[in-house]
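Summary of structural features
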Amino acid sequence: ITTYSQKVNMQRFCIGVLAGCILSLFLPMLSVFFIIIFLLALLALLWRRFFFLAGICAFLVCWSWQLQSYWQAHHSITIQPRAYYDVSITRIRDNGVGDLSLLVSLEHPELNGYNMNLRWKNAPAVYVGQRWRLALVIKPVRETANPGVRSAKLAALSQHIIADGYVAIEQPAVLLYAAEPMRQSIITRVEHWSRHSETRPILTALTVGERHFNEQVWQGILHSGLGHILTISGLHIGLVYGWAFWLSGRGLALLPIRRKTEWQLLLALLPAIGYAYLAGFAIPTLRAASALLVVIGAR
């Protein structure tokens, strides 16, 4: 009876979290004062065992805290529009003739966990995983008013991108860490194996999620409606987990061990997490991997 009651309470709390998620669509960004109020209400509701309302308050507290942290980081970086920053390169797009579009992770005590879009003209040879000290010119994320186009600010918020900018090429750039990570080594090998193929950019995108397309290929993909296929998503992670679950079950059936189902669930998780790492832990793969962890934990 106690276990059943705990399951019901957890279900009510999770439904409350989903209700808070829907409610947040109609609320403005709350001040710090409201965060404290919702936190106190969360503690009181948990003590009184009102788990549905506690779930709503729990989501609103986390949501408000994340928004406050994001805008505080945005303000702190745009207050100095020109400065040196230590960055780690997480994604590269070659626009041709030494012009690179980069997604970098900021390595600063107040900005850890946040990203920035950069343009680097006349750039040297750079790789994902390298750490640089760069002179940056910072600009706020630009919003477009075109109808039917996804909001640039909302997209930046979902990816923890707090600013756009470009590298001041008249200032020296300092390479801090140059070791090639394992993922970049795999990407380099895939590109080397497919170097003689005309479809090398598409093969690279399908296998490791790196889309180094020129303008002609981009236009062809957009007009053909195949852009979603070239993005490693949660469906790919689910397929990898399903095949790994089946194969590990066949292998464990030959071994004289107990709790084979639990081992099967855990062993199948390793290839799925590995494939998410190979895709650079993009947001869809992180979402799918998190869902797998929740399901396996529940099992």
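Let me begin by describing the structure that accompanies this report. As a convention, each chain's residues are numbered from 1 in the sequence order in which they are written. With the structure being a predicted model, the display of local features is reserved for residues of pLDDT at least 70 and the display and counting of side-chain atom pairs for 80 or more, all residues being used for whole-chain, interface and lining totals. With hydrogens and water excluded, all non-hydrogen atoms of the structure serve as input to the side-chain values.

1. What about the overall build of the protein?
Labels follow the DSSP assignment, with helices taken as runs of H or I lasting at least four residues and strands as runs of E lasting at least two, numbered in each case from the N terminus. For the protein, the count of helices and strands is 10 helices and six strands. Overall, the C-alpha framework of the protein stretches about 70 × 60 × 40 Å when taken along its three principal axes. Relative accessibility thresholds used throughout: buried, under 20% of the residue-type maximum; exposed, over 50%; partly exposed, between the two (1.4 Å probe, protein chains only). Within the span of the protein, comprising 299 residues, buried residues form 33% of the whole. For the protein, long-range pairs separated by at least 24 residues make up 64% of all intrachain contacts whose partners lie at least 6 apart in sequence. In these tables, accessible area is a Shrake-Rupley quantity obtained with a 1.4 Å probe, and a residue counts as shielded only by the protein chains included in the view. Carbon and sulfur atoms make up 65% of the accessible area of the protein, which totals about 19000 Å². The contact criterion used throughout is that any non-hydrogen atoms of two residues lie within 4.5 Å.

2. Observations concerning helix α6 (residues 200-208)
Those residues of α6 lying buried are Thr-204, Ala-205 and Val-208. All buried residues of α6 lie within an arc of 105 degrees about the axis, which places them on one face of the element. Gly-209 occupies a position one or two residues after α6 and carries a positive phi of about 80 degrees. Throughout, the arc means that of the directions going from the helix axis to the C-beta atoms.

3. Description of the packing of aromatic side chains
Pairing of aromatic rings covers Phe, Tyr and the six-membered ring of Trp, with a centre-to-centre limit of 6.5 Å; geometry is then stacked below 30 degrees between planes, edge-to-face above 60, and tilted otherwise. Summed over all chains, the structure comprises six aromatic pairs. On the numbers, 5.7 Å between centres and 75 degrees between planes, the contact of Phe-33 with Phe-34 is edge-to-face. With a relative accessible area of 40%, Phe-34 lands in the partly exposed category. Ring-pair connections join several aromatic residues into one group, and the members of that group are Tyr-70, Trp-71 and Tyr-114.

4. Regarding the nonpolar core
In terms of nonpolar packing, the biggest core is built from 31 residues, with Ile-77, Met-116 and Leu-136 touching the most fellow members. Aside from chain neighbours lying at most four places away, what touches Ile-77 is Tyr-85, Leu-106, Leu-111, Met-116, Ile-138, Ile-162 and Ala-163. The next biggest cluster of nonpolar side chains, apart from the first, holds 17 residues, and it includes Tyr-241, Ala-244, Leu-265 and Leu-292. Buried Ala, Val, Leu, Ile, Met, Phe, Trp, Tyr and Cys residues that are joined via side-chain atoms within 4.5 Å together make up what is termed a nonpolar core.

5. A few points about the state of the cysteines
Disulfide: a covalent bond connecting the sulfur atoms of a pair of cysteines. Any two cysteine sulfur atoms lying within 2.5 Å of each other are counted as a disulfide. Under the criterion given, the structure shown has zero disulfides. With no disulfide of its own, Cys-14 has Cys-62 as its nearest cysteine by sulfur position, at a separation of 13 Å. Residue classification places Cys-62 among the partly exposed residues on the basis of a relative accessible area of 45%.

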